[in-house]
Amino acid sequence: MDPKNYKAMSIEDTLKDLNTSIETGLSEEEAKKRVEKYGLNEIPEKKKSPVLKFLSYFWGPIPWMIEIAAVLSIIVHHWEDFWIIFSLLILNAVVGFWEEKKAEDVISFLQNKMAVRARVLRDGKWKVIPGKFVVPGDIVRIRMGDIVPADIKLIDGDFLSVDQSALTGESLPVTKKLGEILFSGSIVKKGEMTGVVIATGLHTYFGKTVKLVEEAKTVSTYQKMILKVGNYLIILALILVAAVFFVAIYRQESIIETLRFSLVLTVAAIPAALPAVLSVTMAVGAYNLAKKQAIVRKLTAIDELAGVDILCSDKTGTLTQNKLTPGTPIGFGNFEREDVIFYGALASREEDNDPIDMAILNSLDKYGLKDKIKKFRQKNFVPFDPVRKRTEAEIEGEKNFRVSKGAPQVILDLCEISKEEREKAEKIVEGYAKHGYRALGVAIKEDDVWKFVGLIPLFDPPRPDAPRAVKAIKMMGVKIKMVTGDHASIAKHIGEMLGIGKKVVSMGELEERRKSGRDIASIVEESDIFAEVFPEHKYEIVESLQKKGHLVAMTGDGVNDAPALKKADCGIAVSGATDAARAAASVALLEPGLTVIADAIKEARKIFARMESYVVYRITETIRVLFFIALSIMVFNFYPINALMIVLIALLNDVPILAIAYDNVNIHKKPVKWNMHKVLMLSSLLGIAGVISSFLLLYIASDILHLSTAEIQTFIFLKLVVAGHLTIFVTRSERFLWSKPYPSGALFWSAVVTKVIATLIAAYGILISPINWWLIALIWGYAMIWMFVLDQVKAWSLKYMKSIY
């Protein structure tokens, strides 16, 4: 049925039409039948045909050049060259197709992990399920921070404040009341209500749900940097190849042969494997992060995490266990400790599964209140929100009254209480705080007067892994700042226990210092712990630290944390965060605790190291091969290798390069960022050293060994393949090449196997002129010696650059 018709229907008629009940919801069996009838609650994506996708890899500038070279080989009847060039074309297509599919599989995996969740009533019990399994007729509870999973008619509760800007363009939140329709994809900013699902998937009013991984394919900062390097190499290659072409034409060489050679040289020099290397490295990295329970909502998060130098962490659930243990309550006035627990329980709601509510409700048995509370029921309930800082319930039973629980300061402000009693309460709260206990105030409203019932102390013990994780993150050069809504004394107690620091500042103090004209950004930068923080303060903390030049990661879990999570260089939605917080964050954690964040930072830095290794290698290799061939032709009028050999080199080089994505790397001890001056200087020096080694070997082959032209070309071909692969082992680490961690099996064996293949091609003259095993041994020994020479060049270059940067 069209959802517009449900808007006009009464709540009773809607429930009857959908054959559901507000008391029990649907049965699991009925829900399965409705999934079959209506389909999953998702928008099916239009997928491109795999055949068309594969064929697309034969269309584009690089494939065109390979295809023209293949056609020119047919024209001059070089059939061996044609088949090898054709093989290169097919290999590039297969590798590109496979890597793109792998990246898409990871993106799909991340989307499933980040799917919207729904709180539904099935068989009379509330449970949380993935949003895609919601069906028409499901009774759902919607509360602050939720992304609405389907079109819903509101059937119970007071009101909701809803952000529909992504759907309707309305900039301000709208208020939704009983009987109104809530559209799929809206974000609940305030309130809590129950509704019945009236439409799902393609049948929703807007026909689409909000996708939390919508930016998963965003190009990151260092992807952009690498693409710039790729463009630089392409321009360099085109200039040198054009120079070779015009020199050959000037010398009146065959135009077709020269054009074919120039095209092949261009293809070999241009980093054709660049998109594949990027795809597989980022995909492997994102998947590894997911295995460590950190889901990237967008791939830029990997870059951001690697560079973060300050982590602002929530206390509850991240540094502490979020398992509250109540102490002995204290009653005020005529109220006993049992009254404090009783009225506190009436101001709680079990189905919300809130840690504070559950801690109080679980204490009912201890104080013999289980039966007494059954005589009362909540007529209305206003849930806790970070601004009001309290819950409130209207109670019906033997007598009618209102109850509230929340932050002691807020509850005390609500009540009529003497100055002496207030000072007594504040002193007790202060005493609790010094021992790490947070206090909860409880009040009752009778005869239009709020009375202070008493205080409940709650202790949230630190997570066992927190001190170790704090130490690990600090050792990576990241400073941790604790952010909490708790009293300054509680924050300081926990901060000292975990080794975070002792310098505490409350947001009230910060505001006073701002009014006195002090530099707030400097105070924020120097502080270790922020206490009495409201969600809106988090944005201010992030902004102040960014003004000081820091890359900031901020954790959060509520809808009001969203602005700060977006503002941070890397927003981290903690385990159990609302859908809205996860949508705003760069990274979502599936497990609580700081260890997950520490692991995520390590993994991000590994990915950065692999990408940096690839960039240095790619520039080095282009300079080494392209400059050597171009200078040999232009200066000495000698072709050191032929077109076929260039294609073979390109074929054999692609495999080890792809394996870089799986390499073992050193984890940088400090936050990392791209230093292109360093990268270009290092790769240029290594490339020039490679050119010198090639010319020296060319001199040995021609003037000392007196080899024929064909033998020299095979000799140089094998040297370029073997030395090129050995260069990977030099560029993969800033340490000496024999230092740990050693290359991964994938990188090592792919390099070994391809070098062995090149050796066999040279030894048995497969498609090229053969050379003897003595010459092959000479090349291998020469290349191995130069590998260590290049390693020394690298060490000297890095040492020099550290002194100037």
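Everything quoted here is computed from the prediction, not taken from an experiment.

## Notes on the overall build of the protein
Part 1 of the reasoning: Helices and strands together make up the secondary structure of the protein, namely 29 helices and 22 strands.
Part 2 of the reasoning: Out of the 805 residues in the protein, the part that is buried amounts to 55%.
Part 3 of the reasoning: Nonlocal contacts in the protein, meaning residues at least 24 apart in sequence, comprise 73% of its contacts between residues at least 6 apart.
Part 4 of the reasoning: For the protein, the accessible surface area stands at approximately 35100 Å², while carbon and sulfur atoms represent 57% of it.

## Notes on the packing of aromatic side chains
Part 1 of the reasoning: Tallying each qualifying case throughout the model produces 18 aromatic pairs.
Part 2 of the reasoning: Note on Phe628 and Phe695: the rings are 4.9 Å apart at their centroids and 75° apart in plane angle, and the pair reads as edge-to-face. With Phe628 in helix α24 (residues 595-636) and Phe695 in helix α26 (residues 676-704), the pair connects residues that are 67 residues apart, well separated along the chain.
Part 3 of the reasoning: Phe628 gets classed as buried once you look at its relative accessible area, which sits at 0%.
Part 4 of the reasoning: In this arrangement the basic side chain of Lys372 is found over the ring face of Phe342, its NZ or CZ atom lying 4.3 Å from the centre.

## Focus: the environment of Ala466
Part 1 of the reasoning: Here Ala466 shows up in helix α17 (residues 466-475).
Part 2 of the reasoning: Between the C-alpha atoms of Ala466 and Met497, which are 31 residues apart in sequence, the distance is 9.7 Å.
Part 3 of the reasoning: Beyond its immediate chain neighbours, meaning those up to four positions away, Ala466 contacts Leu319 and Leu498.

## Quick word on helix α28 (residues 745-764)
Part 1 of the reasoning: Over its 20 residues, α28 runs 28 Å from end to end, which matches the ideal 28 Å to within 8%, given 1.5 Å per residue.
Part 2 of the reasoning: Along α28, the residues classified as buried are Leu747, Ser750, Ala751, Thr754, Lys755, Ala758, Thr759, Ile761, Ala762 and Ala763.
Part 3 of the reasoning: Taken from the residues just after α28, Gly765 is the one with a positive phi, measuring 60°.

## A look at the side chain of Lys176
Part 1 of the reasoning: Among the structural elements, Lys176 can be located in strand β5 (residues 174-177).
Part 2 of the reasoning: Glu180 provides the closest opposite charge to the buried, salt-bridge-free Lys176, at an N-O distance of 4.5 Å.
Part 3 of the reasoning: A distance of 3.1 Å separates the side chain of Lys176 from the backbone oxygen of Ile181, its partner in a polar contact.
Part 4 of the reasoning: Apart from the residues lying within four places of it in its own chain, the contact partners of Lys176 are Leu154, Phe159, Leu160, Val162, Gln164, Ile181, Leu182 and Met193.

## What about the sheet that holds strand β8 (residues 294-296)?
Part 1 of the reasoning: Overall, mixed pairing links the eight strands, which are arranged β8-β22-β21-β20-β9-β17-β19-β18 in an open sheet. Edge positions in the open sheet fall to β8 and β18 (504-506), since each of these has one partner strand only. The average undirected angle you get between the axes of adjacent strands in this sheet is 20°.
Part 2 of the reasoning: Here β8 pairs with strand β22 (residues 587-589) via three bridges, running antiparallel. Bridge pairing in β22 places Val296 opposite Val587.
Part 3 of the reasoning: Against the sheet, helix α19 (residues 507-515) makes contact with β18 and β19 (529-531), and its axis sits at roughly 75° relative to β18, the strand it touches most.

## As for the pairing of strand β13 (residues 390-396)
Part 1 of the reasoning: The buried fraction of β13 is high, at six of seven residues.
Part 2 of the reasoning: Across six bridges, β13 lies against strand β14 (residues 401-406) in antiparallel orientation. In the strand pairing of β14, Thr391 is matched with Lys405.
Part 3 of the reasoning: Hairpin connection from β13 to β14: four residues lie between these consecutive antiparallel strands.

## Concerning unusual backbone geometry
Part 1 of the reasoning: Put simply, Lys740 and Pro741 share a cis peptide bond, and its omega is 0°.
Part 2 of the reasoning: Residue placement: Pro741 occurs in the loop between α27 (709-731) and α28.
Part 3 of the reasoning: Non-glycine residue His706 carries a positive phi angle of around 50°.
Part 4 of the reasoning: Structurally, His706 can be placed in the loop between α26 and α27.
Part 5 of the reasoning: We classify His706 as exposed; its relative accessible area is 59%.

## Some remarks on the pairing of β5
Part 1 of the reasoning: Of the two faces of β5, the one lined by Val174 and Lys176 is fully buried and the one lined by Thr175 and Lys177 carries no buried residue.
Part 2 of the reasoning: As paired strands, strand β4 (residues 151-163) and β5 are joined by four bridges and run antiparallel to one another. Residue Val162 lies in a different strand from β5, and its bridge partner there is Val174.

## Things to note about the confidence of the model for the protein
Part 1 of the reasoning: Looking at the protein as a whole, its pLDDT mean stands at 82, while 88% of the residues score no less than 70.
Part 2 of the reasoning: Counted against residues more than four places away or in other chains, residues 208-219, with its pLDDT under 50, gives 37 contacts.

## Notes on the packing of α24 against α27
Relative orientation and spacing of two packed helices are given, respectively, by the angle between their axes and the distance between those axes.
Part 1 of the reasoning: Closest axis-to-axis distance for the α24/α27 pair is 9 Å, and the angle between their directions is 155°. The orientation of α24 relative to α27 falls into the category roughly antiparallel. Crossing of α24 over α27 shows right-handed handedness. In contact with Ser613, Val616, Tyr617, Thr620, Glu621, Arg624, Val625 and Phe628 of α24, α27 contributes Ile716, Lys719, Leu720, Ala723, Gly724, Thr727, Ile728 and Thr731.
Part 2 of the reasoning: Grouping the constituent residues of the contact of α24 with α27 by class yields eight nonpolar, five polar and three charged.

## Overview of the nonpolar core
Part 1 of the reasoning: Counting 130 residues, the largest nonpolar core has Val587, Leu594, Ile629, Ile641 and Phe717 as its most contacted members.
Part 2 of the reasoning: It is α24 that provides the largest number of residues to this core, a total of 21 residues.
Part 3 of the reasoning: Ala345, Leu346, Phe381 and Ala393 belong to the second-largest nonpolar core, a separate cluster that totals 30 residues.

## Some thoughts on the pattern of salt bridges
Part 1 of the reasoning: For the structure on display, the rule yields 31 salt bridges.
Part 2 of the reasoning: A salt bridge links Glu28 to Arg122; its shortest N-O distance comes to 3.2 Å. Remark: Arg122 occurs in strand β1 (residues 117-122) and Glu28 occurs in helix α3 (residues 28-38); sequence separation between them is 94 residues.
Part 3 of the reasoning: With relative accessibility at 24%, the residue Glu28 sits in the partly exposed group.
Part 4 of the reasoning: Across the salt bridge formed by Asp791 and Lys794, the nearest N and O atoms sit 2.9 Å from each other. Residue Asp791 and its partner Lys794 are both found in helix α29 (residues 773-804); the two are separated by three residues, about one turn of the helix.
Part 5 of the reasoning: Taken together, the salt bridges that share partners define one network made up of Arg377, Lys379, Arg388, Arg390, Glu392, Glu394, Glu396 and Arg402.

Rules used in this analysis
Residues numbered from 1 in each chain as written. Predicted model: local features only at pLDDT ≥ 70, side-chain atom pairs only at ≥ 80, totals over all residues. Heavy atoms only, no water. Helix = DSSP H or I, 4+ residues; strand = E, 2+ residues; numbered from the N terminus. Buried < 20%, exposed > 50% of the residue type's maximum accessible area, 1.4 Å probe, protein only. Contact = heavy atoms within 4.5 Å. Areas by Shrake-Rupley, 256 points an atom, 1.4 Å probe, with all protein chains shown as cover. Phe/Tyr/Trp six-rings, centres within 6.5 Å; stacked < 30°, edge-to-face > 60°. Lys NZ or Arg CZ within 6 Å of the ring centre and 35° of its normal. Expected span 1.5 Å × (residues − 1). Lys, Arg positive; Asp, Glu negative; His and termini not counted. Salt bridge = Lys/Arg side-chain N within 4 Å of Asp/Glu carboxyl O. Polar contact = N/O pair within 3.5 Å; in protein donor to acceptor, adjacent residues only side chain to side chain. Pairing = 2+ DSSP bridges. Axes fitted to C-alpha atoms, helices over the stretch in contact; angles between N-to-C directions. pLDDT = per-residue confidence, 0-100. Parallel < 35°, antiparallel > 145°, perpendicular 65-115°, else oblique. Left-handed = near helix turned anticlockwise from the far one by under 90°. Nonpolar A, V, L, I, M, F, W, Y, C, P; charged D, E, K, R; others polar. Core = buried A, V, L, I, M, F, W, Y, C linked by side-chain atoms within 4.5 Å.

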